[in-house]
Amino acid sequence: MCGIVGYIGPRDVTGVLLDGLRRLEYRGYDSAGVALVEGDKLVGTKRVGKLGNLEEALRKHPLTGTAGIGHTRWATHGRPSDTNAHPHLDCKQRIAVIHNGIIENHAMLRADLLEKGHTFSSETDTEVVAHLLEDVYAGDIVDAVRKVLGLVRGAYALGVLSADNPDEIVFARNGASPLIVGIGKDEMFVASDIPAILEYTRKELIIQEGEIVVIRRDGASITTFNGEHVEREVTHVAWDVRSAEKGGFKHFMLKEIYEQAKVVKDTLAGRLDEQGGVKLPDIGISDERLLKMRKVTMFACGTAYHAAVYGMYLIRQLAKLPVELELASEFRYSDPVVEKDTLAIAVSQSGETADTMEAVRMAKAGGATVLGVCNVVGSALARAAHGTLYTHAGPEIGVAATKTFVAQCVAMALLALHLAKVRGTADPDVLREVGLALRDLPSLVDQALNTNEDAIAAARRYSKATSILFLGRHVNYPIALEGALKLKEISYIHAEGYAAGEMKHGPIALLDENVPTVVIATRGPVEEKVLSNMAEAKARESRIIAVANPGDHEVLETADDILEVPATHHLIAPIVNVVPLQLLAYHIADRKGCDVDQPRNLAKTVTVE
Ligand code: AGP
């Protein structure tokens, strides 16, 4: 996620801004910049790459000023570059804007502004805000911000600096992008996260959604978007910097599991309407070209492969396309049959995994149309693919994938719905039902976090197990695979994910009172079959941990432990069902004292074969 800092006061503004951005580096970014008010004008510098590049530029051409804003960018719209880095300015260079989040209606706004004669310098959604402010500005920057917030749609945190209003900086929050005000003596700070201001002050104001805050040297004033004054109690931050970076969570992995509702919302933003209709304007592959596809081949590694398995079921069922699916490391040596009417879907959060990139090269050489599902703008996959469906999970610090997996599954569902709509292969009522379930997914993923206490209790009972079997059927089969991978990669306990129907073809021999079985037994067309598998495992004395929906009495009576999640459309339920399995793996690993964020032997991105 992007990082935002702001400062007004007597200190060296550039130094305070750089220090704050340095404290936000852990969030991940690909470019950075600052803007200051100096006398009656704006000055600024921005650079792609690490903060060192910006610091080098500022060493060569120092900037001074009385107020300033700074930003570290995690690219979502427009590749990482000096030009796309924030802050963004209006045509007259009098207003600077920094932004964290997504402006969903940026394309329409940009078109209107171009019509009015504005000139743009970047590919970003953010720059439209600078030109909108220029359009409505009439001397009061706060009033201009208030007007512009009525025009933009999306989740964002914004910072606005105006050369004509040098004694104030305006910030606004709409959605889950946090904003914190730090209160000093004759100085004020703003940041996306506490670590950026902790060394200056522990007195803070938390800005809530739908609020505007104006900071001046002598204080801060908060109003709602429609101008009502807000009184906010000053809170005292007790955290040290390290725990502040994790938002108070013990590990980044747990913080990222708790971020998943926002990640779902961000990945759906601008792609799903209130009626559950899907539109993917930015994948870079036309509907005409998609209509020519006669087969889908998918490849990925690790957790991304599990998302691809999930996608296979949905694409087959909704888009009625034959789907071949392989581990990328196998695809390369399996003499794959790839033709010009093959849609090759490569799933990779980093977009840099060597095996996946080699498979992309082979698919392209075979004439396939390659669509990347990726979390990093400008990555090797994004550059190599004919089109990219970006997930908006933000940078994932924990080596074990959690929020990027959930984002990948959301992308798979969007893609399957889009293909089905383009090809006209599914009943519109079915598409609408699945789309509406997707629309409601953020709150369901949030509710699934209520299994945390049960996951802690289950971790207490099973952390000494030496092997655990995970079972799932149909669209929950990849969730069994993912639950097993999560457990083994962070707790080092052997775990196997299996298709529940396969249990009697071998793995059932493993089961006894020492080998627990995790069963994904939520509602759907195969639930009766899963219940039988659960009973078969129980009959071998295996203790059962069941992911279930409320009121599923047969499951509740058979299982030893229940991880209860809200019910939803069975094609979307797997994205909810994975949450308790992530929590179970996390708490077992934590109880064992494992290095949850940096498990032994693992790298976040495997760039070697
Ligand atoms: C998942 O927890 C692992 N970190 C690993 O399996 C990962 O999913 C795999 O290496 C693929 O990475 P990618 O999505 O960046 O291609």
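Points about the overall build of the protein chain
Along the backbone of the protein chain there are 21 helices and 25 strands. Radius of gyration (C-alpha) of the protein chain: 25 Å, near the 25 Å computed for a compact globule of 609 residues. A buried classification covers 61% of the 609 residues belonging to the protein chain. Contacts in the protein chain between residues at least 24 apart in sequence constitute 72% of all its contacts with a sequence separation of at least 6. Total accessible area on the protein chain is roughly 22,500 Å²; 50% of this is exposed by carbon and sulfur atoms. One way to put it: in the protein chain the 66 positive side-chain charges average out to a point 3 Å from where the 81 negative ones average out.

Remarks on unusual backbone geometry
Between His86 and the following residue, Pro87, the backbone shows a cis peptide bond with an omega angle of 5°. Within the fold, Pro87 resides in the loop between strand E4 (67–73) and strand E5 (88–89). Its identity as a non-glycine residue notwithstanding, His474 has a phi of 55°, on the positive side. One can find His474 in the loop between strand E21 (467–472) and helix H18 (477–491). Of note in the backbone geometry, Glu541 takes a positive phi value of approximately 70° without being a glycine. Inspection of the secondary structure assignment puts Glu541 in the loop between helix H19 (527–538) and strand E24 (544–548). Glu541 sits in the exposed class, given a relative accessible area of 52%.

Notes on the sheet that holds E21
The strand order across the open sheet formed by five strands is E22-E21-E23-E24-E25, and the pairing between neighbours is parallel. Looking at which strands have only one partner, the edges of the open sheet turn out to be strand E22 (494–499) and strand E25 (561–564). Direction aside, neighbouring strands of the sheet carry axes that sit 20° apart on average. Where E21 meets strand E23 (residues 517–520), three bridges bridge the pair, whose relative direction is parallel.

Some points on the site of the ligand
Lining the immediate environment of the ligand, one finds 14 residues, of which Ser348, Gln349, Ser350, Thr353 and Glu489 sit closest. In this structure, Thr303 approaches the ligand through a main-chain N or O atom, which is 3.1 Å from an oxygen atom. Note that an oxygen atom of the ligand is positioned 2.8 Å from one of the backbone N or O atoms of Gln349. Protein contacts shield 91% of the accessible area of the ligand, which totals 410 Å² for the unbound molecule. At the level of elements, helix H10 (302–319) and H18 are the ones that each hand at least two residues to the shell around the ligand. It is H10 that contributes the most residues to the shell around the ligand, three residues altogether. Of the residues belonging to the shell around the ligand, the class tally is six nonpolar, six polar and two charged.

Section: the pairing of E23
Residues Thr517 and Val519 of E23 are buried on one face, and the alternating residues Val518 and Ile520, pointing to the opposite face, are buried as well. For E23 and E24, the ladder comprises four bridges, and the chain directions are parallel. Across the sheet, the residue bridging to Ile520 is Val547, located in E24. Between E23 and its parallel partner E24, the chain crosses via H19, and the hand of that crossover is right-handed.

Quick notes on the sheet that holds strand E15 (residues 235–236)
One open sheet accounts for eight strands, arranged E3-E2-E4-E1-E10-E9-E11-E15; its pairing is antiparallel. Edge strands, defined here as strands with exactly one partner in the open sheet, are strand E3 (41–48) and E15. Here seven bridges tie strand E2 (residues 31–38) to E4, and the two strands are oriented antiparallel to one another. Within E4, the residue paired with Gly33 across the bridge is His71. Against the sheet, helix H2 (residues 51–60) engages E2, E3 and E4, with an angle of about 135° to E3.

Description of the environment of Thr388
Along the chain, Thr388 turns up in strand E20 (residues 387–390). Counting along the chain gives 18 residues from Thr388 to Val370, while the straight-line C-alpha distance between them is 8.5 Å. The residues contacting Thr388, other than those within four sequence positions of it, are Asp282, Ile283, Leu371, Gly372, Cys374 and Ala382.

As for the layout of surface pockets
Regions of empty space are outlined by a rolling probe, equal in size to a water molecule, passed over the atoms. Approximately 630 Å³ is the volume found for the largest pocket. Around the largest pocket sit 31 residues that line it, and Thr76, His77, His106, Arg271 and Asp282 are the ones nearest its centre. Contributing elements (two or more residues each) for the lining of the largest pocket: strand E6 (95–103), helix H3 (106–115), helix H13 (380–384) and E20. Within the lining of the largest pocket, the residues separate by chemical class into 12 nonpolar, 12 polar and seven charged.

Digging into a positive patch on the surface
A cluster of basic side chains, namely Arg460, Lys464, Arg591, Lys592 and Arg600, defines a positive patch on the protein surface. With respect to the helices and strands, the residue Arg600 is situated in the segment after helix H21 (573–591).

Side note on the nonpolar core
One finds Met298, Ile315, Ile345 and Leu438 to be the most contacted residues of the largest nonpolar core, which totals 97 residues. Among the elements that make up this core, the one with the highest residue count is helix H14 (residues 403–423) (14 residues). Beyond its immediate chain neighbours, meaning those up to four positions away, Ile315 contacts Val296, Met298, Lys320, Leu321, Val323, Ile345, Ala416 and Leu419. In terms of nonpolar packing, the next biggest core, distinct from the first, is built from 27 residues, Tyr7, Val43, Ala191 and Ala244 among them.

Analysis parameters
- Residues numbered from 1 in each chain as written.
- Predicted model: local features only at pLDDT ≥ 70, side-chain atom pairs only at ≥ 80, totals over all residues.
- Heavy atoms only, no water.
- Helix = DSSP H or I, 4+ residues; strand = E, 2+ residues; numbered from the N terminus.
- Rg over C-alpha atoms; globule rule 2.2 N^0.38 Å.
- Buried < 20%, exposed > 50% of the residue type's maximum accessible area, 1.4 Å probe, protein only.
- Contact = heavy atoms within 4.5 Å.
- Areas by Shrake-Rupley, 256 points an atom, 1.4 Å probe, with all protein chains shown as cover.
- Lys, Arg positive; Asp, Glu negative; His and termini not counted.
- Charge placed at Lys NZ, Arg CZ, Asp CG, Glu CD.
- Pairing = 2+ DSSP bridges.
- Axes fitted to C-alpha atoms, helices over the stretch in contact; angles between N-to-C directions.
- Near = heavy atom within 4 Å.
- Polar contact = N/O pair within 3.5 Å; in protein donor to acceptor, adjacent residues only side chain to side chain.
- Nonpolar A, V, L, I, M, F, W, Y, C, P; charged D, E, K, R; others polar.
- Right-handed = clockwise from strand over helix to strand, strands pointing away.
- 1 Å grid on protein atoms, 1.4 Å probe; cavity = no way out; pocket = protein on both sides within 12 Å on 5 of 7 lines; lining within 4 Å.
- Points joined across faces, edges and corners; volume = space filled by probe spheres on them.
- Patch = residues over 30% accessible without salt bridge, like charges linked within 9 Å, V, L, I, M, F, W, Y side chains within 5 Å.
- Salt bridge = Lys/Arg side-chain N within 4 Å of Asp/Glu carboxyl O.
- Core = buried A, V, L, I, M, F, W, Y, C linked by side-chain atoms within 4.5 Å.

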